[in-house]
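# Reading the structure
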Amino acid sequence: GAVVSQHPSWVICKSGTSVKIECRSLDFQATTMFWYRQFPKQSLMLMATSNEGSKATYEQGVEKDKFLINHASLTLSTLTVTSAHPEDSSFYICSARTAKGNEQFFGPGTRLTVL
Amino acid sequence: AQTVTQSQPEMSVQEAETVTLSCTYDTSESNYYLFWYKQPPSRQMILVIRQEAYKQQNATENRFSVNFQKAAKSFSLKISDSQLGDTAMYFCAFGGEYGNKLVFGAGTILRVKS
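Residues numbered from 1 in each chain as written. Chains lettered and ligands numbered in written order. Predicted model: local features only at pLDDT ≥ 70, side-chain atom pairs only at ≥ 80, totals over all residues. Heavy atoms only, no water.

The subject of this paragraph is the overall build of chain A. Assigned secondary structure in chain A consists of 0 helices and 11 strands. If you list the helices and strands of chain A from N to C, you get β-β-β-β-β-β-β-β-β-β-β. Over its C-alpha atoms chain A spans a radius of gyration of 13 Å, differing by no more than 12% from the 13 Å that the globule rule assigns to 115 residues. Across its three principal directions, the C-alpha atoms of chain A cover 40 × 25 × 25 Å. Relative to all contacts within chain A whose residues are 6 or more apart in sequence, the contacts with residues 24 or more apart total 55%. Of the roughly 5600 Å² of accessible surface on chain A, a fraction of 53% belongs to carbon and sulfur atoms. Mean positive and mean negative side-chain charge positions of chain A (11 and 9 charges, respectively) differ by 2 Å. (Helix = DSSP H or I, 4+ residues; strand = E, 2+ residues; numbered from the N terminus. Rg over C-alpha atoms; globule rule 2.2 N^0.38 Å. Contact = heavy atoms within 4.5 Å. Areas by Shrake-Rupley, 256 points an atom, 1.4 Å probe, with all protein chains shown as cover. Lys, Arg positive; Asp, Glu negative; His and termini not counted. Charge placed at Lys NZ, Arg CZ, Asp CG, Glu CD.)

Residues and elements named next belong to chain B. The pairing of strand β7 (residues 60–61) with strand β8 (residues 64–69) spans 2 bridges and is classified as antiparallel. Paired with Thr60 across the strands is Ser65, a residue of β8. Taking the residues between adjacent antiparallel strands as the criterion, β7 and β8 are bridged by 2 residues, where Asn62 takes a positive phi near 55°. Pairing analysis gives 6 bridges linking β8 to strand β9 (residues 74–79), with the strands arranged antiparallel. Along β9, the bridge assignment pairs Val66 with Leu77. The antiparallel hairpin formed by β8 and β9 contains 4 residues in its connecting segment, where Lys73 sits at a positive phi of about 55°. (Pairing = 2+ DSSP bridges.)

Here the focus is the nonpolar core. Membership of the largest hydrophobic core comes to 25 residues, with the highest contact counts inside it found for Tyr25, Trp36, Phe75, Leu77 and Tyr90 of chain B. Per-element accounting of this core gives the leading share, 4 residues, to strand β10 (residues 88–96) of chain B. With sequence-adjacent residues up to four places away left out, Tyr25 of chain B is seen in contact with Thr3, Val4, Tyr32, Leu34, Phe68, Gln69, Lys70, Lys73, Ser74, Phe75 and Phe94 of chain B. Formed by 24 residues, the second largest nonpolar core is a distinct cluster that contains Val11, Met47, Ile69 and Ala84 of chain A. (Core = buried A, V, L, I, M, F, W, Y, C linked by side-chain atoms within 4.5 Å. Buried < 20%, exposed > 50% of the residue type's maximum accessible area, 1.4 Å probe, protein only.)

Moving on, we get to the state of the cysteines. Residues and elements named next belong to chain B. For the coordinates displayed, the defined rule picks out 2 disulfides over all chains. Two residues share a disulfide in this structure: Cys23 and Cys92, whose sulfurs sit 2.0 Å from each other. Judged by the sign of its S-S torsion, about -70°, the bond between Cys23 and Cys92 is left-handed. Of the two residues, Cys23 is situated in the loop between β3 (19–21) and β4 (24–26) and Cys92 in strand β10; the sequence distance between them amounts to 69 residues. Residue Cys23 shares its accessibility class with Cys92, and that shared class is buried. (Disulfide = S-S within 2.5 Å.)

Here we come to the environment of Ile12 of chain A. Residues and elements named next belong to chain A. Note that Ile12 resides in strand β2 (residues 10–13). On the basis of relative accessible area, Ile12 is assigned to the exposed category, the value being 54%. Put simply, Ile12 and Arg24 are 12 residues apart on the chain and 21 Å apart in space, counted from C-alpha to C-alpha. Each residue touching Ile12, except ones within four places of it in the same chain, is listed here: Thr113 and Leu115.

A separate point is the interface of chain B and chain A. The interface is formed by 20 residues belonging to chain B together with 21 residues belonging to chain A. For the pair chain B and chain A, the two sides together bury roughly 1700 Å², of which 51% comes from carbon and sulfur. Counting every contact that joins chain B to chain A gives 2 salt bridges. Glu103 of chain A is the partner of Arg50 of chain B in a salt bridge, and the nearest nitrogen-oxygen pair spans 3.5 Å. The tally of links between chain B and chain A comes to 6 residue pairs in polar contact (both at pLDDT 80 or more). Looking at the side of chain B that touches chain A, the elements that each hand over two or more residues are β5 (32–39), β6 (46–52), β10 and β11 (102–104) of chain B. The greatest single-element share of the side of chain B that touches chain A, amounting to 4 residues, is contributed by β5 of chain B. (Buried area = accessible area lost by both parts, 1.4 Å probe. Salt bridge = Lys/Arg side-chain N within 4 Å of Asp/Glu carboxyl O. Polar contact = N/O pair within 3.5 Å; in protein donor to acceptor, adjacent residues only side chain to side chain.)

All names here are of chain B. Take Arg111: it is sitting in strand β12 (residues 108–113). Judged by its relative accessible area of 36%, Arg111 is partly exposed. Expressed as a C-alpha distance, the spacing of Arg111 and Ser82, which sit 29 residues apart in the sequence, is 9.8 Å. Residue contacts for Arg111: discarding those within four places in its chain leaves Glu10, Met11, Ser12, Val13 and Thr87.

Written as structure tokens, this is what we have:
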């Protein structure tokens, strides 16, 4: 149980284009989902927290207009990187939590490369 | 704000031996949760063990156990009988009582040598 998937696992795009990453909870309802960014050999940096049906809460320094997060259902959250640039290249990880749970279940991550 | 400190950037251990990874944290909360996550080369985050702060008994999961010292705000992970598959980056994480965001430490790269 408690499986979280991400799609795609790896995406390459041209500078200036937008990329959407999906995060799905496969066998539970995720009232809260989290989006992280991770650089090689570094820790996870929380970008934003999204609750189903409401606007995401972004961490300080994260551009909400650049990283659009939608949590339209209890099993799906999406992260859209708008007008991507090479500096947006990174590993993006989502996690999900149930309403009463305090454990986060992590997706396998998405590697984004912007050329 | 909570902080989590892992002071060992890299460690290595011989197969079948025991290794301890350190973690300290700072919080003003009385009820909280602590976690150790493993991130192997695949980069999939895997929960290794969790500890509820209100429980005095140290958590154990097979070869993995913790030494939780609440007063000292210390939460170390002991891996017994180390295996090659234990090679990974290990993150200590703090979670508040109401299950919101996790605060992660910088991580410790553990290499198990044959």
